[in-house]
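Below, each chain spelled out in residue letters.
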Amino acid sequence: MSQLLEKIDKGHLPRHIAIIMDGNGRWAKEQGQDRLYGHFHGVESVRNIVEGCAELGIEYLTLYAFSTENWDRPEYEVVGLMELLVNTIRQEAETLHKNNIRLHVIGDMSMLPGYAKKELDEALEITKKNTGLNLVMALSYSGRWELLNAVKNIAHEVKQGRLQVEEIDQDVLQRFLTTSNFPDPELMIRTSGEYRISNFLLYQLAYAELYFTNVRWPDFRKENLYEAILDFQGRERRFGKTGEQVKKESVSQ
Ligand code: IPE
Ligand code: IPE
Ligand code: MG
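Here is what the cut-offs are and how they apply
- Residues numbered from 1 in each chain as written.
- Chains lettered and ligands numbered in written order.
- Predicted model: local features only at pLDDT ≥ 70, side-chain atom pairs only at ≥ 80, totals over all residues.
- Heavy atoms only, no water.
- Near = heavy atom within 4 Å.
- Polar contact = N/O pair within 3.5 Å; in protein donor to acceptor, adjacent residues only side chain to side chain.
- Areas by Shrake-Rupley, 256 points an atom, 1.4 Å probe, with all protein chains shown as cover.
- Helix = DSSP H or I, 4+ residues; strand = E, 2+ residues; numbered from the N terminus.
- Buried < 20%, exposed > 50% of the residue type's maximum accessible area, 1.4 Å probe, protein only.
- Contact = heavy atoms within 4.5 Å.
- Core = buried A, V, L, I, M, F, W, Y, C linked by side-chain atoms within 4.5 Å.
- Phe/Tyr/Trp six-rings, centres within 6.5 Å; stacked < 30°, edge-to-face > 60°.

1. Re the site of ligand 2
And step 1. Neighbouring ligand 2 are I20, M21, D22, Y64, A65, F66, N70, R73, R190, R196 and S198.
And step 2. A distance of 2.9 Å separates an oxygen atom of ligand 2 from a polar side-chain atom of N70.
And step 3. Contact distances for ligand 2 include 3.3 Å between an oxygen atom and a side-chain N or O atom of R190.
And step 4. Within the complex, 78% of the 390 Å² of free accessible area of ligand 2 lies under protein.
And step 5. No other element matches strand 2 (residues 60-67), which puts three residues into the shell around ligand 2.

Shown next as structure tokens:
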């Protein structure tokens, strides 16, 4: 067994890990290849990390696969990414199902081409009763899109008289997010040496531990995931309190 894996405290795992899978294009360029070659190889990392999370018993894994802003990339890359997405989902849906993994999608599905939506709907249907890892694909997603949508929908409910302004609290707001059924991520990983959030889960990451690595996404494997989890387990999460308070609480628990 991997030495890193042995070091992980299985009683102190993040329930929800979110990953910004970045660096495919640069990985490909570094090898003198086209950017799509990088995306193609990134799929192998997705398989490996999904398997790693399922083996560990992580409950939720959210993968940022395509942002709202990524629609502005050159058309050939957008088309290539959509095709890769559809082919991958088609090939992997059965494997996900066999491994008791439930697929979810968050994002503006209205932007996706019809054939992609159809493939996704089928995979969602096939895996909907599974009780193992929840694999959340963020597709055509951005935090600002999500918050704007939530505000509009809340305003609509108020206008219809189904919700009072005074009733709007954090729980109500959460219900209007695309992640209403998931806990907030405790650990957010970004690959490829970029230190930013790029419009990912802006509300939900409020108290997430952030982990950045220079490894490009196509090179990211279970061992890298274990490293991130170990780093997470060494941190003190204070949520605004003092270190002393947190230590006292953990003793009394
Ligand atoms: C991440 O890799 C995948 C997507 C955004 C779809 P990039 O395509 O952003 O690769 P870099 O960051 O340009 O290297
Ligand atoms: C964020 O990566 C989106 C995904 C990984 C899907 P980008 O490569 O699009 O982000 P920026 O442009 O470097 O901030
Ligand atoms: Mg990038």
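2. Structural notes on the side chain of T62
And step 1. Locating T62 in the fold gives a position in strand 2.
And step 2. Judged by its relative accessible area of 2%, T62 falls in the buried class.
And step 3. Among the polar contacts made by the side chain of T62, one reaches the side chain of H16 at a distance of 2.7 Å.
And step 4. If we ignore the near neighbours within four places in the chain, the residues touching T62 are H16, I17, A18, I19, I106, V136, F200 and L201.

3. Things to note about the environment of I106
And step 1. Summarising the element assignment, I106 is placed in strand 3 (residues 102-106).
And step 2. Between the alpha carbons of I106 and S140 there is a distance of 8.0 Å; along the sequence they are 34 residues apart.
And step 3. Those residues in contact with I106 that sit more than four places away from it in its chain are T62, V136, M137, A138, L139, Y141, T178, T179, F182 and L201.

4. Quick look at the nonpolar core
And step 1. If you look at the biggest cluster of nonpolar residues, it comprises 44 residues, and the most contacted ones within it are I17 and L61.
And step 2. Per-element tally for this core: the top contributor is helix 4 (residues 75-98), with eight residues.
And step 3. Setting aside residues no more than four positions away along its own chain, I17 makes contact with C53, I58, Y60, L61, T62, L187, I189, L225 and I229.
And step 4. If you look at the next biggest cluster of nonpolar residues, it comprises 15 residues, including Y64, I106, F182 and M188.

5. Some details on the site of ligand 1
And step 1. Close to ligand 1 lie 13 residues; D22, G25, R26, R35 and R73 are nearest.
And step 2. Interatomic distance of 3.3 Å between a backbone N/O atom of G23 and an oxygen atom of ligand 1.
And step 3. Take R73: an N or O atom from its side chain is 2.7 Å from an oxygen atom of ligand 1.
And step 4. Coverage of ligand 1 by the protein chains reaches 88% of its 380 Å² of free accessible surface.

6. A short note on the packing of aromatic side chains
For any pair of aromatic rings, the description rests on two quantities: the centre-to-centre distance and the angle between the ring planes.
And step 1. Under the counting rule described, the total for this entry stands at ten aromatic pairs.
And step 2. Their ring planes at 80° and their centres at 6.0 Å tell us that Y64 and Y141 sit as a pair that is edge-to-face. Here Y64 is found in strand 2, whereas its partner Y141 is found in strand 4 (residues 134-141), with 77 residues between them in sequence.
And step 3. The class for Y64 is buried, based on a relative accessible area of 7%.
And step 4. For Y141, a relative accessible area of 0% translates into the label buried.

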